[in-house]
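Here's the letter readout for the chains.
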Amino acid sequence: QVQLVESGGGLVQAGGSLRLSCAASGRTLSSYTVGWFRQAPGKEREFVAAISWSGGNTFYADSVKGRFTISRDNAKITVLLQMNSLKPEDTAVYYCAAIARRPIGRMDYNYDYWGQGTQVTVSS
């Protein structure tokens, strides 16, 4: 069982930045493809970004392309989501998800493990 923990959420003004971090309890994420999803109040959870377990491939939702960057730290312990130029519509609970040694997926069912989420609120 892989326990994922997100951190870095908070309240920021529109145009600001936040960096989210996803870590696995007791292990590194070096062998896992990791995705970020988000769910706004009253909406379905949606894909945001993902990075392959090899680190060579990344994929972004159109709504965040050019503003968000997903990456791994050098030790591959955590996966980061740098969020710049934030907009009020980015307000949501952000979840990281992981699956071992699989290609990037954009659907919930592509991932086996999920964190509890971290709240991101962007004020206008």
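Our subject is the structure that appears above.
Residues numbered from 1 in each chain as written. Predicted model: local features only at pLDDT ≥ 70, side-chain atom pairs only at ≥ 80, totals over all residues. Heavy atoms only, no water.

Q: Which residues make up the state of the cysteines, and what values go with them?
A: Counting across every chain of the model gives one disulfide. Here C22 pairs with C96 through a disulfide, and the sulfurs are 2.1 Å apart. Looking along the S-S bond of the C22-C96 disulfide, the torsion reads about 65 degrees, which is the right-handed sense. A residue pair is termed long-range when its members are at least 10 positions apart, and C22 in strand β3 (residues 18-24) and C96 in strand β9 (residues 92-100) qualify at 74 residues. Grouping residues by exposure puts C22 and C96 together as buried. (Disulfide = S-S within 2.5 Å. Helix = DSSP H or I, 4+ residues; strand = E, 2+ residues; numbered from the N terminus. Buried < 20%, exposed > 50% of the residue type's maximum accessible area, 1.4 Å probe, protein only.)

Q: Lay out the packing of aromatic side chains with the relevant residues and their values.
A: Here the distance between the centres and the angle between the planes together describe a pair of aromatic rings. This model, assessed by the stated rule, comprises six aromatic pairs. A ring pair is formed by F37 and Y111, whose centres lie 5.5 Å apart and whose planes are at 80 degrees; its orientation type is edge-to-face. With a gap of 74 residues between them, F37 in strand β4 (residues 32-39) and Y111 in the loop between β9 and β10 (113-114) connect regions that are remote in the sequence. Aromatic rings pair up to connect F37, F47, F59, Y111 and W114 into one cluster. Here R45 stacks its cationic end above the ring of Y95, 5.2 Å away from the centre of that ring. (Phe/Tyr/Trp six-rings, centres within 6.5 Å; stacked < 30°, edge-to-face > 60°. Lys NZ or Arg CZ within 6 Å of the ring centre and 35° of its normal.)

Q: Would you mind going over the environment of I99 in detail, with residue names and values included?
A: When you line up the elements, I99 lands in strand β9. I99 gets classed as buried once you look at its relative accessible area, which sits at 6%. A C-alpha to C-alpha distance of 9.5 Å links I99 and L29, two positions 70 residues apart in sequence. Residue contacts for I99: discarding those within four places in its chain leaves S31, Y32, T33, N110, Y111 and D112. (Contact = heavy atoms within 4.5 Å.)

Q: Can you tell me about the sheet that holds strand β7 (residues 68-72), naming the residues and giving the values?
A: The four strands lie next to each other as β1-β3-β8-β7, forming an open sheet whose pairing is antiparallel. Every interior strand has two partners, whereas the edge strands, β1 (4-7) and β7, have only one. Across this sheet, the average inter-strand angle for adjacent strands is 15 degrees, counted without regard to direction. (Pairing = 2+ DSSP bridges. Axes fitted to C-alpha atoms, helices over the stretch in contact; angles between N-to-C directions.)

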